[in-house]
Amino acid sequence: MVLPPGLVAEYEQRLRELRVGRTPLLRADRLGPSLGVGALYLKEEGANPTRTHKDRLALLQALDAREKGYHDLAVATCGNFGVALAFAADAFELKAHIFFPAPFPPFREAELEALGATVERVPGDYRATIEHVASRCRAEGWYDANPGPHATEFALAAYAVISGEILEALPGSPDFAAVPIGNGSTFAGVH
């Protein structure tokens, strides 16, 4: 699937308007040499509105949901993506439904509620929570913002923006890049 050009154009516009991305690339002058690296740069993703790189994907999914006529989005989360999705949903006057695995500590729930999201706890682990959300999305007619094959193209497109920002900010091509991974989509997108 290739993202529709209109969606890409609006995404790029909304990134600027909502100040998502374009996070600073900071030179780590003391850390680099201690690791045996001449010039080490760190991308400060905490400068995004919800302090996570996940704002990029959440914004793209909220735009897609709105484009497809959805009024509600839902996701299983451990915290950060839930806040990012609630932020994006709020920006487009959509309703966010955020589901946590019951055993997880309450992480960023006050922020979610401040953004107008509903928060629910689901018995079981993260995988069970994803399955619960997918079922609720089918039953309620909500947009399913969970990770998985249906969201891969969006994740790759959203996180590829990070590598473009890095290349734009550096004086030359990097010798290597280190990227933290969770479910792998950030790593794949930056690659």
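The structure we're discussing is the one just above.
Residues numbered from 1 in each chain as written. Predicted model: local features only at pLDDT ≥ 70, side-chain atom pairs only at ≥ 80, totals over all residues. Heavy atoms only, no water.

(A) A look at helix H7 (residues 152-169). End to end, H7 covers 26 Å across 18 residues, agreeing with the expected 26 Å (1.5 Å per residue, within 8%). Of the surrounding elements, those touching the buried residues of H7 are helix H1 (5-17), strand S1 (25-27), strand S2 (41-43), helix H3 (55-67), strand S6 (143-144) and helix H8 (185-190). (Helix = DSSP H or I, 4+ residues; strand = E, 2+ residues; numbered from the N terminus. Expected span 1.5 Å × (residues − 1). Contact = heavy atoms within 4.5 Å.)

(B) Expanded view of helix H6 (residues 126-140). The end-to-end C-alpha separation of H6 is 21 Å, in line with the 21 Å expected for 15 residues at 1.5 Å each. Every buried residue of H6 is listed here: Thr129, Ile130, Val133, Ala134 and Cys137. All buried residues of H6 fall inside an arc of 140° around its axis, so they share one side. Away from the buried face of H6 by more than 90 degrees, exposed residues Arg138 and Ala139 are located. Packing partners of the buried residues in H6 comprise strand S3 (72-76), strand S4 (95-101), strand S5 (118-122) and S6. Capping of H6 at its N-terminal end is provided by Asp125; its side-chain oxygen lies 3.3 Å from the backbone amide nitrogen of Arg127. (Buried < 20%, exposed > 50% of the residue type's maximum accessible area, 1.4 Å probe, protein only. Arc of directions from axis to C-beta. Polar contact = N/O pair within 3.5 Å; in protein donor to acceptor, adjacent residues only side chain to side chain.)

(C) The sheet that holds S3, seen in detail. Overall, parallel pairing links the 4 strands, which are arranged S5-S4-S3-S6 in an open sheet. Because the sheet does not close on itself, it has two edges, and the strands there are S5 and S6. Relative to S5, S4 is paired through 5 bridges, and the arrangement is parallel. Paired with Ile98 across the bridge in S5 is Val119. (Pairing = 2+ DSSP bridges.)

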